[in-house]
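Structure assessment
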Amino acid sequence: MQHLKENQQRQQSTKESTNITVIQDGQTPAIPTNEAKTRVVTLDVFRGLTIAVMILVDDAGGEWPHITHAPWNGCNLADFVMPFFLFIVGVAIALAFKRISAIAPAIKKVVVRTLKLLLWGILLQGGYSHAPDDLSYGVNMKKLRWCGILQRIALAYLVVSLVEITTIKKRPTNLPPERFAIFKLYIWNWLFGLCVFLIYFATTYGLYVSDWHFIVHDEDSPYNGKLFTVKCGVRGHLDPPCNAVGYVDRQVWGINHVYHHPAWRRSKYCTKSSPGEGPLRSDAPAWCWAPFEPEGLLSSISAILTSIIGVHYGHVLIHFKGHTQRLKHWVTMGFGFLILGIILHYTDAIPLNKQLYSFSYVCLTAGAAGLVFSAFYLLIDMWGLRRSFLLLEWMGMNAMLIFVMAAEGIFPAFVNGWYYDTPNNTLVYWIQKHIFIKVWHSRRVGILLYVLFGEILFWGIVAGICHQLGMYWKL
């Protein structure tokens, strides 16, 4: 009886999901009365995987440098996290605004949510929080960091949502039975994406980057307080010191308001420990000490393209009739973008670069996101393996809670605040040392297992408990 009940529930869940997205005779799908309460499980699982990978690369990347961000050109596991977030934001936008009764309230909702994301982003990554290892709080407003992960997501969410909302009356309600009808139906989205690409491309390759100066603000550096000059005077360079992305941020935000520990410090030009962390070389160029904003303004403009691609995947989910038809379209686009990104990189046309959010990087990561999304859709919506991904589903349903508490270190900082004798003698450090590192006689393996089981599994269970209690952190 229990097995029969679970099958009935699974069939009902699949039926409800299909009711939302299946269209009859080319018509826009009717919205069921229970739509507000229905969730697309694949979205939650995809979001849960992304937040889990984020925790993994942030907390285990120090011991496993090949999974953390590439020092400059290239693409490691950590470099897929931000695009995956932006991709799934786009998918969610398409589903949220597929039917709008009034434009003004929808825009108000988007603006309010954007402001909330900006506020949380500045609070968590602006420099006020020093979690999890430093128990102090506060930031010098002269060095407040304006950009960050949530700020980039906020910009993409705001811009793409406004395009989706304001163009809804400029497109027909029917999807014609043509080969490229889905692209024609949302032509305004693609035209806007083209404008975004042209703005980024023209600025990146056309803006003149002049010489610039900076003062080292690092108490551990022998050059603390020293003024350095970086010689540029070029256009269209994509190297660390003289690219237009960094120049725009220095001009807009000010050099004291950008990230002071860029990934390029782990490059072979800056440290002999590359790709890991290590002391800077004695003959390292001056820019190795300089700040650089990986979530800057110009690169965030390029990042909007990832959300636009995600919106298209959401449109396919809404308009296409069957599972196979959707999957065929998604996989074709995914491989197309993936191959294009690889070709651009290995022909040296446009290198893969997360710091610059290059077009090849957009293509590669969006293609990978589309393929992963398709795989989850196949496993969950077509093959009914939802229970196998419950942990990721729970994490995706409470992604904001896990991002704040785990990825940003707020919960570990709270635990570390209760120490014995010294700040390094806390429950977190004791668990790492005695349960994982000493048992495996390896710090690398011990830290990896601690992150997998002591953090990701732990927060997956917490998210599951919150789900059972109906508790969700929403913005």
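Higher on the page you've got the structure.
First, a word on scope: everything that follows refers to the structure included in this document. (Residues numbered from 1 in each chain as written. Predicted model: local features only at pLDDT ≥ 70, side-chain atom pairs only at ≥ 80, totals over all residues. Heavy atoms only, no water.)

The next subject is unusual backbone geometry. In this chain, S274 is followed by P275 through a cis amide linkage whose omega measures 10°. Checked against the element boundaries, P275 lands in the loop between α8 (244-252) and α9 (297-319). Unusually for a residue other than glycine, D348 sits at a positive phi of about 65°. Within the secondary structure, D348 sits in the loop between α10 (323-346) and α11 (359-382). Here H441, not a glycine, exhibits a phi torsion of approximately 55°, which is positive. Of note, H441 is situated in the loop between α15 (427-440) and α16 (443-468). Accessibility expressed as a relative area gives 75% for H441, which makes it exposed. (Helix = DSSP H or I, 4+ residues; strand = E, 2+ residues; numbered from the N terminus. Buried < 20%, exposed > 50% of the residue type's maximum accessible area, 1.4 Å probe, protein only.)

Let us look at the nonpolar core. Here is a general trend for soluble globular proteins: nonpolar side chains tend to be buried in one another's company. In terms of nonpolar packing, the biggest core is built from 100 residues, with I153, F373 and F403 touching the most fellow members. By size, the runner-up hydrophobic cluster in this structure holds 27 residues, among which are W72, A290, F292 and L298. (Core = buried A, V, L, I, M, F, W, Y, C linked by side-chain atoms within 4.5 Å.)

With that settled, the discussion passes to helix α3 (residues 81-96). Along its 16 residues, α3 runs 22 Å from first to last C-alpha, staying within 8% of the 22 Å computed at 1.5 Å per residue. Where burial is concerned, most of α3 is hidden: 14 out of the 16 residues are buried. (Expected span 1.5 Å × (residues − 1).)

Direction vectors running N to C along helix α2 (residues 41-60) and α3 enclose 160°, while the axes themselves pass 10 Å from each other. The angle between α2 and α3 falls in the class roughly antiparallel. For the element pair α2 and α3, the recorded crossing hand is left-handed. Together, L43, F46, R47, T50, I51, V53, M54 and V57 of α2 and V81, F84, F85, F87, I88, V91, A92 and L95 of α3 make up the contact between the two elements. (Axes fitted to C-alpha atoms, helices over the stretch in contact; angles between N-to-C directions. Parallel < 35°, antiparallel > 145°, perpendicular 65-115°, else oblique. Left-handed = near helix turned anticlockwise from the far one by under 90°. Contact = heavy atoms within 4.5 Å.)

This structure, assessed with the given rule, holds 33 aromatic pairs. Seen in terms of ring centroids, F414 and W418 are 6.3 Å apart; in terms of plane orientation they differ by 70°. Their pairing is edge-to-face. Of the residues examined, F414 reaches a relative accessible area of 54% and is grouped as exposed. Ring-pair connections join several aromatic residues into one group, and the members of that group are F46, F80, F84, F87, Y313, W330, F373 and Y377. R250 extends its terminal NZ or CZ atom over the ring of W212, reaching a point 3.7 Å from the ring centre. Taking the ring centre of W64 as reference, the NZ or CZ of R444 above it sits at 3.8 Å. (Phe/Tyr/Trp six-rings, centres within 6.5 Å; stacked < 30°, edge-to-face > 60°. Lys NZ or Arg CZ within 6 Å of the ring centre and 35° of its normal.)

Let us look at the environment of A104. Structurally, A104 is set in helix α4 (residues 103-125). Here the alpha-carbon distance between A104 and I165, two residues 61 residues apart in the chain, equals 9.4 Å.

Our focus in this paragraph is the pairing of strand β3 (residues 227-230). Residues of β3 alternate between two faces, with F228 and V230 buried on one and L227 and T229 left unburied on the opposite face. In the sheet, strand β2 (residues 212-215) pairs with β3 via 4 bridges, with the strands oriented antiparallel. Its bridge partner lying in β3, W212 is registered against V230. (Pairing = 2+ DSSP bridges.)

Structural measurements only, silent on function.
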